[in-house]
Amino acid sequence: MTAASGIEGAIQMLEGRWKLVILFHLFGGNKLRFSDLERAIPAVSQKMLSQQLRQLEQDGIVARIVHAQVPPKVEYHLTDWGQSLCPALDELLTWAERRPTPKPEEKSSAKSP
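Residues numbered from 1 in each chain as written. Predicted model: local features only at pLDDT ≥ 70, side-chain atom pairs only at ≥ 80, totals over all residues. Heavy atoms only, no water.

Asks: Can you walk me through the overall build of the protein chain in this structure?
Replies: Secondary structure assignment for the protein chain yields seven helices and three strands. Reading the protein chain from its N end, one meets helices and strands in the order α-α-β-α-α-β-β-α-α-α. Against the globule reference of 13 Å for 113 residues, the protein chain gives a C-alpha radius of gyration of 18 Å, more extended than a compact globule. The principal-axis extents of the C-alpha atoms in the protein chain amount to approximately 65 × 35 × 25 Å. Within the protein chain, buried positions represent 24% of all 113 residues. Considering only contacts in the protein chain between residues 6 or more positions apart, those separated by 24 or more positions represent 53%. Accessible surface computed for the protein chain: about 8,100 Å², of which carbon and sulfur atoms make up 56%. Averaged over its 14 positive side-chain charges, the protein chain has a centre that lies 6 Å from the centre of its 13 negative ones. (Helix = DSSP H or I, 4+ residues; strand = E, 2+ residues; numbered from the N terminus. Rg over C-alpha atoms; globule rule 2.2 N^0.38 Å. Buried < 20%, exposed > 50% of the residue type's maximum accessible area, 1.4 Å probe, protein only. Contact = heavy atoms within 4.5 Å. Areas by Shrake-Rupley, 256 points an atom, 1.4 Å probe, with all protein chains shown as cover. Lys, Arg positive; Asp, Glu negative; His and termini not counted. Charge placed at Lys NZ, Arg CZ, Asp CG, Glu CD.)

Asks: Teacher, can you tell me more about the pairing of strand β3 (residues 73-78) here?
Replies: Residues in a regular strand point their side chains to alternate faces of the sheet. The buried fraction of β3 amounts to five of the six residues, a majority that puts the element mostly inside the structure. Direction of pairing for strand β1 (residues 32-33) relative to β3: antiparallel, over a ladder of two bridges. Note on β3: the bridge partner recorded for Arg33 is Glu75. Here strand β2 (residues 62-67) pairs with β3 via six bridges, running antiparallel. Bridge assignment links His67 to a residue of β3, and that residue is Lys73. What sits between β2 and β3 in their antiparallel hairpin is a turn of five residues. (Pairing = 2+ DSSP bridges.)

Asks: Looking at this structure, I do not really get the environment of Val44. What am I missing?
Replies: On the secondary structure map, Val44 appears in the loop between α3 (34-40) and α4 (46-58). Residue contacts for Val44: discarding those within four places in its chain leaves Trp18 and Leu49.

Asks: I would appreciate a short explanation of the packing of helix α1 (residues 3-14) against helix α2 (residues 19-26) in the present structure.
Replies: A pair of packed helices can be characterised by two numbers: the angle between their axes and the separation between those axes. The N-to-C vectors of α1 and α2 enclose an angle of 75 degrees; their axes lie 8 Å apart at closest approach. For the element pair α1 / α2, the angle class is roughly perpendicular. Contacts between α1 and α2 involve Gln12, Met13 and Leu14 from the former and Lys19, Leu20 and Leu23 from the latter. Split by residue class, the contact of α1 with α2 holds four nonpolar, one polar and one charged. (Axes fitted to C-alpha atoms, helices over the stretch in contact; angles between N-to-C directions. Parallel < 35°, antiparallel > 145°, perpendicular 65-115°, else oblique. Nonpolar A, V, L, I, M, F, W, Y, C, P; charged D, E, K, R; others polar.)

Asks: Sorry if this is basic, but what is going on with unusual backbone geometry here?
Replies: Peptide bonds are trans in most cases, and residues, glycine excluded, mostly fall at negative phi. Of the consecutive residues Val70 and Pro71, the connecting peptide bond is found in the cis state with omega at -5 degrees. Relative to the helices and strands, Pro71 is located in the loop between β2 and β3.

See below:
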C-alpha cells in the first residue's frame, strides 16, 4: 500500500458534508442523542445526519448505543479509535489557521491564464 492510497482510504472514511462536524460534537467523550446532534447541526437534514452516522458507525469511528426503554433512547459516541482522531484534526485546524494571506496581486494573477 502506498501513502497515497492510504490517505485516500482515510479521506473516504471522513468525506461527507457533515462527518467532521459530527465528530467535533462527539469529541471529549460526549454521548449525544440523535435529536441533540440535530439541534447542534441545524443545517443538516434528518436523512443526511442518519446516513452520515450510519457510515461513521460502519467504519468503526462512532458507536451507537440503544437503551431498552420506551420510547427508545439511542445515543452516539466515538469509539476509542474515533477519539484518537482528535489530535490529528486539531493539527489540521492549526495548519489552516496558519494559512498565509495572499497579497492582492497574487489573487488577481491567480485568475489569469
